[in-house]
Amino acid sequence: MLTTNYDLLKVEGLKTPLQEISEACNILGINFFIVGAIARNIWLAANKENATGTKDLDFGVCVPDEETYNELRNKLIEDYNYQPKKGNAFCLITSEGIQVDLLPFGEIEKG
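J.: A description of a negative patch on the surface should follow, citing residues and the corresponding values.
T.: Taken together, Asp65, Glu66, Glu67 and Glu71 make up a surface patch of like negative charges. By the element assignment, aspartate 65 lies in the loop between strand E2 (56-62) and helix H3 (66-80).

Written out as structure tokens, the structure reads:
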């Protein structure tokens, strides 16, 4: 198992949203993975390279349909105080102000 020092990933307040999203996905039976700059930074840190900062967290969430995707969004909003970002249906803002992008994939693509 890969373990990474959160400070090396160059994003303040990263640990809490990762734990919250992991918990919400586990409760709903949704598989997810980290994509984007944070995924790059994890790889860089694991290989003792310098990571660069980023302004958001990107997650690929494997969902069968729009209803399941909305269940995840609503859980994060209701249970973890995330806020929707106006004009972007894929983005939520954590209570600490970190932008989280939930990018659906899987069976939802066929619908």
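J.: Could you give an account of the sheet that holds strand E3 (residues 83-85), with specific residues and numbers?
T.: Taken in spatial order, the 5 strands of this open sheet run E1-E2-E5-E4-E3, and their pairing is mixed. The open sheet has two edge strands, strand E1 (31-35) and E3, and neither has a second partner. Strand after strand, the sheet turns through a mean of 35 degrees between neighbouring axes, direction not considered. Against the sheet, helix H1 (residues 15-28) makes contact with E1, E2 and strand E5 (99-105), and its axis sits at roughly 15 degrees relative to E2, the strand it touches most.

J.: Explain H3 to me, using residue names and the numbers behind them.
T.: In a regular helix each residue adds 1.5 Å, so 15 residues correspond to 21 Å; H3 covers 20 Å between its end C-alpha atoms and thus fits that length. Taken as a whole, H3 has its buried residues at Thr68, Tyr69, Leu72, Arg73, Lys75, Leu76 and Tyr80. In a view along the axis of H3, the buried residues occupy a sector of 155 degrees, so they form one face of it. For H3, the exposed residues set more than 90 degrees away from the buried face come down to Glu66, Glu67 and Glu78. Elements that come into contact with the buried residues of H3 comprise H1, E2, E3, strand E4 (88-93) and E5.

J.: Would you mind going over the confidence of the model for the chain in detail, with residue names and values included?
T.: In the predicted model, the chain carries a mean pLDDT of 83, and 81% of its residues have values of at least 70. Ranking the helices and strands of the chain by mean pLDDT puts H3 first, with 97, and helix H2 (residues 36-46) last, with 71.

J.: Let's hear about the nonpolar core: which residues, and what values?
T.: Core analysis: the biggest nonpolar cluster contains 21 residues, and Phe59, Val61, Leu72, Leu76 and Leu102 have the highest contact counts within it. Secondary-structure elements contributing two or more residues to this core are H1, H2, E2, H3 and E5. Ignoring any residue separated from it by four or fewer positions in sequence, one finds leucine 76 in contact with Glu20, Ile21, Ala24, Asn81, Tyr82, Leu92 and Leu102.

J.: Explain the packing of H1 against H3 to me, and be specific about the residues and the numbers.
T.: As a packed pair, H1 and H3 sit with axes 10 Å apart at the nearest point and diverge in direction by 125 degrees. With respect to their mutual orientation, H1 and H3 come out oblique. The hand of the H1/H3 crossing is right-handed. Between H1, through Glu20, Ile21, Glu23, Ala24, Cys25, Ile27 and Leu28, and H3, the contact on the second element is made entirely by Glu71, Leu72, Lys75, Leu76 and Tyr80. Residue composition of the contact of H1 with H3, grouped by class: 8 nonpolar, no polar and 4 charged.

Calculation notes
- Residues numbered from 1 in each chain as written.
- Predicted model: local features only at pLDDT ≥ 70, side-chain atom pairs only at ≥ 80, totals over all residues.
- Heavy atoms only, no water.
- Patch = residues over 30% accessible without salt bridge, like charges linked within 9 Å, V, L, I, M, F, W, Y side chains within 5 Å.
- Areas by Shrake-Rupley, 256 points an atom, 1.4 Å probe, with all protein chains shown as cover.
- Salt bridge = Lys/Arg side-chain N within 4 Å of Asp/Glu carboxyl O.
- Lys, Arg positive; Asp, Glu negative; His and termini not counted.
- Charge placed at Lys NZ, Arg CZ, Asp CG, Glu CD.
- Helix = DSSP H or I, 4+ residues; strand = E, 2+ residues; numbered from the N terminus.
- Pairing = 2+ DSSP bridges.
- Axes fitted to C-alpha atoms, helices over the stretch in contact; angles between N-to-C directions.
- Contact = heavy atoms within 4.5 Å.
- Expected span 1.5 Å × (residues − 1).
- Buried < 20%, exposed > 50% of the residue type's maximum accessible area, 1.4 Å probe, protein only.
- Arc of directions from axis to C-beta.
- pLDDT = per-residue confidence, 0-100.
- Core = buried A, V, L, I, M, F, W, Y, C linked by side-chain atoms within 4.5 Å.
- Parallel < 35°, antiparallel > 145°, perpendicular 65-115°, else oblique.
- Left-handed = near helix turned anticlockwise from the far one by under 90°.
- Nonpolar A, V, L, I, M, F, W, Y, C, P; charged D, E, K, R; others polar.

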